Amino acid sequence: MRAALLALLPLALAFPQRRSTIREWIAPGPSDSRGPCPGLNTLANHGYLPHDGRNINVDTIRAAVTEALNWDPRLATFIATQAINVNLGVESTDLAGLGAHNITEHDASLTRLDAAEGDPLRLNLDLLEALLADADGDSLTIQSLGRSRARVHARSGGNPLPGTMNSQANFEATALLATVPHDPEWAPEDYLELRAPKDLVRVWFTEERFPVELGWRTPRHVLTLEDLGRLPAAVEAAKPTL
């Protein structure tokens with residue numbers, strides 16, 4: 001997971017933007033652009049972002065994550081601005097452009113190979129299975145994601161990620177919990193108890209679509225800048241020493 005968004009980063013926020021129905025999922029075609037962030041790819045597949053994955057800018061990302069995921073517009077603006085305007089230094093990009101190594105994409109991903117190993121834009125099924133295996137029971141948790149982050153960091157050589165990439169990686173992990181929560185009605189005071197059911201996570205990563213048939217709904221809690229601080233910090237605190 002990566003791309004300053006995947007990542008995707010802290011997620012869901014209050015209800016004015018909630019929808020009772022989710023837009024239709026359409027698989028990407030051979031000429032459509034997709035990147036390293038499964039969250040943004042999913043939003044494009046459902047038509048919240050341009051389906052061709054092109055002309056992605058701060059406004060399109062803010063509108064997409066506000067409507068589909070219930071992010072606070074301020075959080076969406078902050079993350080998109082950092083990824084596109086600051087890190088890439090452009091006004092707009094395509095989704096594949098978010099794969100710039102050590103700029104908007106990083107090694108030690110939960111589900112993508114390191115850049116030196118192969119294609120970091122595509123899901124690696126072995127890494128996905130390892131992510132799911134890190135969790136006891138049927139759901140990912142903050143504790144299991146702490147183990148996962150420590151494991152992939154060691155797998156990538158154990159060197160510190162450059163700049164703010166470690167914080168980004170932790171945010172992407174918790175974005176997963178907030179995007180695919182066990183309870184769409186979760187309350188912010190219960191953030192340490194967030195769980196992401198493995199069956200929903202598997203569909204989200206392998207098909208890059210919202211698993212509505214398994215009970216997925218837009219989360220009720222609006223994901224805020226405050227969440228951006230406390231959720232990644234909880235994952236960092238849960239990392240074991242390897």
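Residues numbered from 1 in each chain as written. Predicted model: local features only at pLDDT ≥ 70, side-chain atom pairs only at ≥ 80, totals over all residues. Heavy atoms only, no water.

Engineer: I tried to follow the pattern of salt bridges on my own but got confused; where do I start?
Structural biologist: Opposite charge on two side chains permits pairing when their charged atoms draw close. A complete count under the given rule lists 15 salt bridges for this structure. A salt bridge links Glu117 to Arg155; the shortest N-O distance between them is 2.9 Å. Within this pair, whereas Glu117 is found in the loop between helix 3 (73–88) and helix 4 (125–133), its partner Arg155 is found in helix 5 (residues 142–155), the two being separated by 38 residues in sequence. Looking at Arg155, the relative accessible area reads 39%, which means it is partly exposed. In this structure, the salt-bridge partner of Glu213 is Arg209, at a minimum N-O distance of 2.9 Å. You can call Arg209 buried: its relative accessible area is 16%. It is possible to trace a salt-bridge network through shared partners that takes in Glu185, Arg217 and Arg220. (Salt bridge = Lys/Arg side-chain N within 4 Å of Asp/Glu carboxyl O. Helix = DSSP H or I, 4+ residues; strand = E, 2+ residues; numbered from the N terminus. Buried < 20%, exposed > 50% of the residue type's maximum accessible area, 1.4 Å probe, protein only.)

Engineer: Looking at this structure, I do not really get the packing of aromatic side chains. What am I missing?
Structural biologist: Describing an aromatic ring pair means giving the distance of the ring centres and the angle of the ring planes. Across all of its chains, the model carries four aromatic pairs by this definition. When the centroid spacing of 6.5 Å and the interplanar angle of 65° are considered together, the rings of Tyr48 and Phe210 count as edge-to-face. Placement of Tyr48 in the loop between helix 1 (38–45) and helix 2 (58–69) and of Phe210 in the loop between helix 7 (198–207) and helix 8 (225–237) is noted, with a sequence separation of 162 residues between them. With centroids separated by 4.2 Å and ring planes inclined at 5°, the aromatic side chains of Phe210 and Trp216 adopt a geometry described as stacked. Here Phe210 falls in the buried class, since its relative accessible area comes to 3%. Within the aromatic cluster, the residues linked to one another by ring pairs are Tyr48, Phe210 and Trp216. (Phe/Tyr/Trp six-rings, centres within 6.5 Å; stacked < 30°, edge-to-face > 60°.)

Engineer: Help me understand the UniProt feature "domain: Heme haloperoxidase family profile" (unreviewed entry) in the protein chain in this model?
Structural biologist: Per the UniProt record, the feature "domain: Heme haloperoxidase family profile" (unreviewed entry) sits at residues 21–230. Between the first and last C-alpha atoms of residues 21–230 the distance is 30 Å; the span itself is 43% helix and 3% strand. (UniProt positions renumbered as here; feature names shortened; annotations may be inferred.)

Engineer: Looking at this model, I keep getting lost on the environment of Leu110. Mind explaining?
Structural biologist: With respect to the element layout, Leu110 can be found in the loop between helix 3 and helix 4. Placed 80 residues apart in sequence, Leu110 and Asp190 show a C-alpha to C-alpha distance of 24 Å.

Engineer: Looking at this structure, how should I read the nonpolar core?
Structural biologist: One broad trend across soluble globular proteins is that nonpolar side chains are buried collectively. Counting residues in each nonpolar core, the largest one holds 57 residues, and the members touching the most others are Leu43, Leu49, Trp71, Leu140, Leu145 and Leu176. Mapped by element, the contributors of at least two residues to this core are helix 1, helix 2, helix 3, helix 4, helix 5, helix 6 (165–179), helix 7 and helix 8. Per element, the largest residue contribution to this core is eight residues, and it comes from helix 6. Not counting chain neighbours up to four residues away, the residues in contact with Leu145 comprise Leu110, Leu131, Leu140, Ala173, Leu176, Leu177 and Val235. (Core = buried A, V, L, I, M, F, W, Y, C linked by side-chain atoms within 4.5 Å. Contact = heavy atoms within 4.5 Å.)

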